[in-house]
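Report on the structure
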Amino acid sequence: MYTLRQYAVRFHRRQPVAAGPFVEFASPKHHVCFSTTPLYASASNIISRVGIVGAGPSGFYVAKYLLKELGPGATVDVMDSLPTPFGLVRTGVAPDHPEVKAVQSDFEKVAGDPRFSFYGNVRVGYDVDVATLRSLYDVLVLAYGASEDRTLGIPGEDTLEGVVSARTFVNWYNGHPDYAQDAKLTGMLGEILAQASAQVAVLGQGNVALDCARVLAKRPADLETSDICEHALVVLRESKLAAVSVVGRRGHGQAAFTIKELRELSRIPGARLVVPPEEVARGLTEFTIAELAQSRPRKRLADLVASLPGPAVGGQAGEGGERVVALRFLLLPRAFLPDPRRPRRLGAVVFERARLELDGQGKRVVAVGTGETEELPCQLALRSIGYKSQPVDGLPFDNKKAVVPNRHGRVLEAASEEAVPVPGVYCTGWVKRGPSGIINTNIYDARETVAAIMEDAAQGKLPFSSSFSLLEVLAQAGRKKSEDVVSWEGYEKIDAWERRHGAARGKPREKVTDSHRLLEIARS
Amino acid sequence: MLHVASPFLRRRALACFIPSSLPPPSSWQGDRAILSFTGSTLPKSMVGDLRRRLLRRTYHGTVPRAKDVTMTWHVEGEAIAVTAPEGKTLLEVAHDNDIELEGACGGELACSTCHVVFTPELYARLPEKKEEEEDMLDLAWGLTETSRLGCQIKVTPLLENAVITIPEETNNMLGGEDEGKGGAAGGQGEPWAK
């Protein structure tokens with residue numbers, strides 16, 4: 001049931017006030033609204049305006065499942081700080097994994113729904129604040145992901161050139177406008193990789209780390225038909241990389257990468273994947289073996305690692321121009337050392353050898369230092385130990401977990417057990433549960449959040465919203481001209497431009513990396 | 001299609017256009033085979049069917065006709081009876097019948113969202129898993145001993161009266177630090193270097 005006030009406004013807005021097979025639209029012309037069913041309101045008719053902050057997979061899956069529940073008069077506005085949608089599917093997934101990007105076609109179908117609108121190049125917290133958004137929408141969903149990195153906090157991390165976050169490197173080769181246009185970054189990477197027998201250390205062992213290693217180790221010719229950006233290809237063609245080490249703190253039984261990506265890494269033409277057998281042996285502690293026996297997927301992965309060959313005797317560089325990709329285990333990074341000949345550049349990473357132990361509760365396997373150190377010479381270190389979400393002004397943030405405090409998707413007023421939900425504000429994706437999981441994890445996540453939204457709607461817990469449009473608000477605040485906001489049609493023009501120019505080079509697309517150019521194409 | 005009255009004449013008409021040296025349907029690439037007489041593409045299953053009908057007349061042999069297979073899908077507590085033509089993948093069958101089965105990668109073995117569960121007896125008789133399918137299944141939520149990916153199982157008479165279950169999502173899939181061999185490096189909240 002609606003409150004009298006809600007009823008009055010819906011009447012004025014010409015929105016349905018009754019649900020069921022016979023729906024009568026009230027209009028100011030009629031003084032009375034009538035229908036042949038009792039005047040109950042189903043949850044789907046209460047929600048008329050939804051705003052989603054973030055157009056990545058989490059935002060799109062929430063949009064998809066919400067649109068299934070909502071009535072024909074509802075609108076779903078999805079906004080993103082970039083002019084292009086799809087988040088990490090565009091800027092994170094590796095260029096040689098086009099099959100993973102296929103999920104975009106699912107998202108494009110969602111965008112084809114007439115109730116869906118895209119607002120690209122809108123930065124929440126800068127162009128528009130959260131308080132305004134809350135007043136515009138019945139339901140506001142935060143799906144803005146994690147745009148910062150976790151740091152190691154060890155000496156040399158912030159001062160030496162050559163210590164780069166993996167996210168930066170991935171954004172760079174994938175054409176994220178904030179990184180791909182950074183001439184200093186391109187220059188530095190180009191210079192480092194062009195050195196004879198360059199060596200790279202990737203710290204962390206998730207799929208992002210394997211992506212970095214694979215892109216560095218692959219022959220540039222094998223990347224030329226992917227949608228990797230041209231400026232990255234130029235650097236990779238000049239690269240004289242000899243070895244990449246992918247280093248983890250714990251053993252191979254705890255590695256976070258998945259078997260498909262590892263298999264792929266072992267089958268790269270022109271590169272050889274090796275693992276030191278003694279690090280594999282030291283990783284097979286009793287509790288690790290017991291853990292592996294309980295999980296078939298982990299056992300398969302550990303067996304694959306154990307089956308890889310050992311490094312060549314007498315050094316890291318491969319014979320015959322072959323690049324070596326080494327998986328290293330049980331090494332805790334302790335410091336970055338400068339190159340003695342060029343003190344501002346990275347020269348080596350110091351590791352402390354580790355052994356595996358069970359933590360206090362006996363549940364988790366942790367790596368404990370043994371006191372022995374090992375120096376790994378390298379000129380580029382990619383830090384791939386996880387992402388971190390940023391807080392947004394106007395909303396609570398759990399600094400310990402680096403997520404927005406929530407319960408099943410309902411944003412809470414504070415990061416505590418007793419906190420009550422903030423009415424009408426929800427979250428999904430990494431900003432809700434932390435930066436873990438794969439693209440598909442968002443499916444279940446989104447369903448949980450949508451279930452919470454629909455439950456709250458049915459119980460009348462949603463706040464009231466105004467009827468201004470987002471574009472009006474942006475223009476009034478003077479922060480963003482309407483022509484600088486990218487609509488879905490604008491994105492389709494960008495998409496068509498990129499595909500056309502990619503086809504000329506035998507690539508699926510040639511990404512536009514300049515944000516001004518992106519806006520120009522969207523407006524054309 | 002040709003609108004010729006008698007089936008006999010229709011077959012003769014078709015026979016003029018389909019070359020006798022067509023390769024078997026399984027070796028055609030992509031979803032559609034182009035036949036010149038229509039000037040447009042025909043679905044592979046229709047071409048195969050045409051070819052079978054022609055051969056049937058010509059060779060007087062018993063060529064199996066594509067038949068429909070009945071099966072039951074268990075989704076979110078509901079049991080849905082479905083009739084599906086041979087040759088379609090289970091993912092296609094689900095979509096054709098409005099059964100909610102995600103196929104995020106479109107059947108390219110790049111995700112595990114079309115995960116379905118069979119009964120042990122039927123599972124044992126299904127064709128072997130490819131290594132790639134097994135690798136992706138490892139990431140599936142609610143993985144069981146009798147799980148397969150729906151995009152890899154084609155409808156055959158073997159699936160007559162099959163019971164196919166789409167696993168329920170459970171909350172413990174989302175939480176947990178070491179859950180499901182997820183993709184991104186690391187988790188959150190714990191110190192990296194001790």
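Residues numbered from 1 in each chain as written. Chains lettered and ligands numbered in written order. Predicted model: local features only at pLDDT ≥ 70, side-chain atom pairs only at ≥ 80, totals over all residues. Heavy atoms only, no water.

1. Some details on the confidence of the model for chain A
Residue and element names in this part refer to chain A. For chain A, the average pLDDT comes to 90, and 90% of its residues sit at 70 or higher. Of all secondary-structure elements in chain A, the lowest mean pLDDT belongs to helix H2 (residues 43-46), at 64, while strand E14 (residues 380-383) reaches the highest, 98. Overall, residues 19-41 carries pLDDT values under 50, and its contacts beyond four positions in sequence, including any with other chains, amount to 38 contacts. (pLDDT = per-residue confidence, 0-100. Helix = DSSP H or I, 4+ residues; strand = E, 2+ residues; numbered from the N terminus. Contact = heavy atoms within 4.5 Å.)

2. Focus on the packing of aromatic side chains
Given two aromatic rings, their pairing is described by the distance between the two centres and the angle made by the two planes. Residues and elements named next belong to chain A. Throughout the structure, instances matching the rule amount to 16 aromatic pairs over all chains. Ring centres of phenylalanine 118 and tryptophan 488 lie 5.8 Å apart, and the angle between their planes is 90°; this geometry places the pair in the edge-to-face category. Of the two residues, phenylalanine 118 sits in strand E3 (residues 116-120) while tryptophan 488 sits in helix H21 (residues 488-503), which places them 370 residues apart along the sequence. Judged on exposure class, the residue phenylalanine 118 and its partner tryptophan 488 are both buried. Both rings, one in phenylalanine 169 and one in tyrosine 173, keep their centres 5.2 Å apart while their planes meet at 85°; by these two values the pair is edge-to-face. Remark: tyrosine 173 and phenylalanine 169 occur in helix H8 (residues 166-173); sequence separation between them is four residues, near one turn of the helix. For the pair shown, phenylalanine 169 and tyrosine 173 are each scored as buried. (Phe/Tyr/Trp six-rings, centres within 6.5 Å; stacked < 30°, edge-to-face > 60°. Buried < 20%, exposed > 50% of the residue type's maximum accessible area, 1.4 Å probe, protein only.)

3. With respect to the UniProt feature "binding site: NADP(+)" (unreviewed entry) in chain A
Residues and elements named next belong to chain A. UniProt annotation of "binding site: NADP(+)" (unreviewed entry) refers to Gln205, Gly206, Asn207, Val208, Arg249, Arg250, Glu261 and Gly437 when read in the numbering used here. Looking at where asparagine 207 falls in the secondary structure, it is placed in helix H11 (residues 207-217). In this fold, arginine 249 is placed in the loop between strand E8 (241-247) and helix H14 (259-265). (UniProt positions renumbered as here; feature names shortened; annotations may be inferred.)

4. Here's the deal with the sheet that holds E14(A)
Residues and elements named next belong to chain A. The parallel open sheet is built from six strands, whose spatial order is E6-E14-E7-E8-E10-E9. Two strands in the sheet have a free side with no partner beyond their single neighbour: strand E6 (163-165) and strand E9 (271-274). Averaged over all pairs of adjacent strands, the angle between their axes in this sheet comes to 20°, without regard to strand direction. Relative to strand E10 (residues 323-328), E9 runs parallel, the two sharing four bridges. Directly across from valine 274, in E10, lies its bridge partner alanine 326. (Pairing = 2+ DSSP bridges. Axes fitted to C-alpha atoms, helices over the stretch in contact; angles between N-to-C directions.)

5. Some words on the nonpolar core
One recurring pattern in soluble globular proteins: nonpolar side chains tend to sit buried together. Counting residues in each nonpolar core, the largest one holds 56 residues, and the members touching the most others are A:Val200, A:Leu216, A:Leu327 and A:Leu382. The residues contacting A:Leu216, other than those within four sequence positions of it, are A:Phe169, A:Leu193, A:Val200, A:Leu236, A:Leu241, A:Val244, A:Arg323 and A:Leu382. (Core = buried A, V, L, I, M, F, W, Y, C linked by side-chain atoms within 4.5 Å.)

6. Focus on the domain arrangement of chain A
Residue and element names in this part refer to chain A. Domain annotation of chain A identifies domain 1 (46-147 + 388-445 + 462-486), domain 2 (151-385) and domain 3 (487-524). A separation of 33 Å is found between the C-alpha centroids of domain 2 and domain 3. Buried area between domain 2 and domain 3, summed over both chains or domains, comes out near 920 Å², and the portion from carbon and sulfur atoms is 49%. Connecting domain 2 to domain 3 are two salt bridges. One salt bridge connects lysine 507 with glutamate 230, and the closest N-O pair in it is separated by 3.3 Å. In this structure, the connection of domain 2 to domain 3 is made through four residue pairs in polar contact (both at pLDDT 80 or more). Those elements giving two or more residues to the side of domain 2 that touches domain 3 turn out to be helix H9 (177-180) and helix H13 (230-238). Here the side of domain 2 that touches domain 3 gets three residues from one element, more than from any other, and that element is H13. (Domains from an automatic or database assignment. Buried area = accessible area lost by both parts, 1.4 Å probe. Salt bridge = Lys/Arg side-chain N within 4 Å of Asp/Glu carboxyl O. Polar contact = N/O pair within 3.5 Å; in protein donor to acceptor, adjacent residues only side chain to side chain.)

7. Notes on the side chain of A:Arg410
Residue and element names in this part refer to chain A. When you line up the elements, arginine 410 lands in strand E17 (residues 410-412). Its relative accessible area of 15% is what places arginine 410 among the buried residues. At a separation of 3.5 Å, a polar atom in the side chain of arginine 410 contacts the main-chain carbonyl oxygen of alanine 452. Among the polar contacts listed, one links the side chain of arginine 410 to the side chain of aspartate 456, at a separation of 3.0 Å. Other than its neighbours up to four places away in sequence, arginine 410 contacts Pro405, Pro421, Val425, Tyr426, Ala452, Glu455 and Asp456.

8. A short note on the pattern of salt bridges
Per the stated rule, a full pass over the model turns up 57 salt bridges over all chains. A:Arg219 is the partner of A:Asp222 in a salt bridge, and the nearest nitrogen-oxygen pair spans 3.0 Å. The partly exposed category is assigned to A:Asp222, whose relative accessible area is 29%. Here B:Asp135 makes a salt bridge to A:Arg300, at a shortest N to O gap of 3.1 Å. A residue pair is termed interchain when its members come from two chains, as with B:Asp135 in helix H5 (residues 131-137) and A:Arg300 in helix H17 (residues 296-306). For the pair B:Asp135 and A:Arg300, one class covers both residues: buried. Through salt bridges that share partners, A:Glu224, A:Glu230, A:Arg237, A:Arg505, A:Lys507 and A:Glu510 make up one connected network.

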